[in-house]
Amino acid sequence: SYLSFHDVLPIVCLSLKRITENTLELVYAVVRWSMEVPASGKWPSRDHLGRPFDSLRDPERKPRADQPLLGGVRAFLADPAGDCKFTTASCQLLQHYNKVECCHWCFASRSSGDACYANQRSGAFAALEPRPMELYFASFLVARPNLTLCPGWHLMMLRVDVMHCDHLGIALRLAGNA
């Protein structure tokens, strides 16, 4: 079933006007750590920088370290939300709306031929091969982006953001509004 707004737990909301790309990657590191904790089902024993909790700096956290969290219930990343620009930047997608290879899910492209995204023949979309996650992971020379290291993250979870692509995007011009 699809999650409603009441089932969503926002992890972080920021105004991007005064934040640099490097700042965002540090924020994503904290988000990653914050997602790893509920996925483990235990209170953390270290902070987001990997430092062990001690009695002076973290008197409340130290005694809870490695104890069951939420009665042992685990949580994971299920549905990241953002527009195309955010998703492309935060996950460092090589295939996106501004490239010839425009789809991170499959090998659709802007060039002509069977893989052209505009190919409307019957069965054309189903014939496109899915893009393996191994190709995505191999594209990083140093390290994967922090958001992609959150427990539960998968390339296929990056969907079209309905609000930006439909209500505020092309469908607004196609369907109009009152």
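Structural data are supplied above this passage.
Residues numbered from 1 in each chain as written. Predicted model: local features only at pLDDT ≥ 70, side-chain atom pairs only at ≥ 80, totals over all residues. Heavy atoms only, no water.

(A) A look at the pattern of salt bridges. As enumerated under the stated definition, the model contains seven salt bridges in all. A salt bridge links Asp54 to Arg57; the shortest N-O distance between them is 3.9 Å. Of the residues examined, Asp54 reaches a relative accessible area of 32% and is grouped as partly exposed. A salt bridge links Arg121 to Asp114; the nearest nitrogen and oxygen atoms lie 2.7 Å apart. In this pair, the class of Arg121 matches that of Asp114, namely exposed. Salt bridges here are not isolated pairs; linked through shared partners, they connect Asp47, Arg51, Asp54, Arg57 and Asp58. (Salt bridge = Lys/Arg side-chain N within 4 Å of Asp/Glu carboxyl O. Buried < 20%, exposed > 50% of the residue type's maximum accessible area, 1.4 Å probe, protein only.)

(B) Structural context of the packing of aromatic side chains. A full pass over the atoms with the stated rule returns three aromatic pairs. One aromatic cluster is present, formed by Tyr136, Phe137, Phe140 and Trp153 through successive ring pairs. Over the ring of Trp43 we find Arg64, and its NZ or CZ is 4.8 Å from the ring centre. (Phe/Tyr/Trp six-rings, centres within 6.5 Å; stacked < 30°, edge-to-face > 60°. Lys NZ or Arg CZ within 6 Å of the ring centre and 35° of its normal.)

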